[in-house]
Amino acid sequence: MQYATMLLNKVIEANDVGALARFNITEADMPTASEKQAYKFIANYAEANRGQAPSYATVVAEVEGFDYLPEISDGYEYLTKQIKSATAKREFYEMFKPGENNSPSLIDRKINDLDGQNFLEWLQSNIESIKINTNTSSKIGTDLKRDGSSFLDEYLKRKEGKSFKIWRSKFGTINDQIGGYMSGNMYTWYGRSGRGKSVFTMEEIIEAAFQGANVLVWSMEMSRFEWMARAYSSISARVSGTTEVIDGVDYEIGFENRLLLTGGLSDGYEQGLRAFIDKLNEILDGNIILRAADDVDFVRRDVRQLEADIIQTKADVVLVDPIYLMDYEANTSKVAGGDVANTSKKIRRIAGYTNATIHIITQAEEVRDDTDEEGNRELRAPKRAEIKKTKVALEDATNTFGIDSLDGRGLIEIGKGRNGGEGTQVEVLYLPNYGIVREMPTGEVAASQFDF
């Protein structure tokens, strides 16, 4: 069928050249030389004549081989769908078509030139490009007046917890201020070196696992054993019921992290560790999948691999620790920081269409104004201006959190909040060696616990 010719005739008859743009029809969708020439003539004529279409007689006179087909009653949607379907098949076939003088096809050349992984990436990219280019949607965006019913549908799904999820923070003040972590959003955590970025975020993703989340962790600084030791210490502190006096205060503690790392648990605690690991499936409603710095198969650390891991593990919550150790995207803008900017933007998009909650860690500059007059360091969360080379990770985030820790205390400050809370601080009891990282009690509870 001459669907391209039929469409061009309909455009002429309806004097509606704009339909070509509305349905994403380009010259590349015209399968024959005469149809390509007719398309170009109609488009150029409209541009020179305030959008008006030429007459049939003019097109027939200017374009050799153009067929006059009057009174095309088929709708634009049907015609453009058929045209784009043919284009998709034609473009796919072109990859396998031999070149001039029977030279190798494009796909044969790529197979020979690329290794297996890069070839699959090229093939996936090409197919995705064909899908995008053969989209026939004529609707742009959402009409707030006409699409209210779709909003109500989504509202009811969220009310029932079907299409939207909020993962509660371990720190109550964060829940009070921002409502928890919403699916489809990206959150950025930042702090100076050695101040607890990995610890704070680990607490949050473990909290999500307790709520039933399927969690994916990219830990690019810690080894597998080190990360698991920290996690087991934190999880056990929540369920153990074991009390120990630390600095004169009774705390319910988990397995001591340093003893886990060195294999120094007493026989009794070692027996408890075995029992704890056996019961982990009962303790955690969700699951945590870890990719660590020393994993031999953790070679690729770019956005495409992150996306593939999220899809394969069906992750609800993701932790990237830290973003600056990822393999950055190409700096197509050729400006300083363009590589991390492209990486951050793509992670944000991945969060959106996978409906995952993604936590990103980055680093703040070392500063000299965090000490008092006597040279003692003070607890102070960094400001957004102190971020190093990954400032765009703050711009793309729904919320940002500056963190610090010092002598058993921790601090989280909401540095940016699209839904409020900016500047709010959370004071934290920070004893990660015993799995204790939780918000400081206030008022009468604090007075009774710490005997103030």
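Scroll up to find the structure this text is about.
Residues numbered from 1 in each chain as written. Predicted model: local features only at pLDDT ≥ 70, side-chain atom pairs only at ≥ 80, totals over all residues. Heavy atoms only, no water.

**Brief notes about unusual backbone geometry**
Cis peptide bonds are those with omega within 30 degrees of zero, and the linkage from D321 to P322 qualifies with -10°. Tracing the chain through its elements places P322 in the loop between β8 (317-321) and α16 (338-354). Non-glycine residue N24 carries a positive phi angle of around 60°. Note on placement: N24 falls in the loop between α2 (18-22) and α3 (33-48). Residue classification places N24 among the partly exposed residues on the basis of a relative accessible area of 30%. Of note in this structure, N355 is not a glycine but carries a positive phi near 65°. (Helix = DSSP H or I, 4+ residues; strand = E, 2+ residues; numbered from the N terminus. Buried < 20%, exposed > 50% of the residue type's maximum accessible area, 1.4 Å probe, protein only.)

**A closer look at the environment of I289**
Inspection of the secondary structure puts I289 in strand β7 (residues 287-292). Assessed through its relative accessible area of 32%, I289 is described here as partly exposed. A C-alpha to C-alpha distance of 9.5 Å links I289 and V318, two positions 29 residues apart in sequence. With residues up to four places along the chain from it excluded, the contact list for I289 reads V215, L216, V217 and T313. (Contact = heavy atoms within 4.5 Å.)

**Section: the pattern of salt bridges**
Pairing between side chains becomes possible if they bear opposite charge and their charged atoms approach one another. Evaluated as defined, the whole model comprises 15 salt bridges. In this structure, E203 engages K170 in a salt bridge whose closest nitrogen and oxygen atoms are separated by 2.7 Å. You can see E203 sitting in helix α10 (residues 197-210) and its partner K170 sitting in the loop between β1 (166-167) and α9 (172-178), a full 33 residues away along the chain. Two residues, R274 and E270, come together in a salt bridge whose shortest N-O distance is 3.6 Å. With R274 and E270 both in helix α13 (residues 267-278) and 4 residues apart, the pair spans about one turn of that helix. For R274, a relative accessible area of 55% puts it in the exposed group. Several salt bridges share partner residues, and in doing so they unite E121, R300, D302 and R304 into one network. (Salt bridge = Lys/Arg side-chain N within 4 Å of Asp/Glu carboxyl O.)

**Looking at the sheet that holds strand β11 (residues 409-417)**
Reading across from one edge, β7-β4-β8-β9-β3-β10-β11-β12-β13 is the order of the 9 strands in this open sheet, with mixed pairing throughout. If you trace the sheet from one side to the other, it starts and ends with β7 and β13 (436-439), each paired once. Averaged over all neighbouring strand pairs, the angle between strand axes comes to 20°, with direction disregarded. Across 5 bridges, the pairing between β11 and strand β12 (residues 425-431) is antiparallel. (Pairing = 2+ DSSP bridges. Axes fitted to C-alpha atoms, helices over the stretch in contact; angles between N-to-C directions.)

**Things to note about the environment of N126**
Within the secondary structure layout, N126 lies in helix α7 (residues 116-133). Separated by 31 residues in the primary sequence, N126 and M95 have C-alpha atoms spaced 9.3 Å apart. With residues up to four places along the chain from it excluded, the contact list for N126 reads M95 and L106.

**Regarding a nonpolar patch on the surface**
On the surface, F151, L152, Y155 and L156 cluster together into a nonpolar patch covering about 450 Å² of accessible area. On the secondary structure map, F151 appears in helix α8 (residues 148-159). (Patch = residues over 30% accessible without salt bridge, like charges linked within 9 Å, V, L, I, M, F, W, Y side chains within 5 Å. Areas by Shrake-Rupley, 256 points an atom, 1.4 Å probe, with all protein chains shown as cover.)

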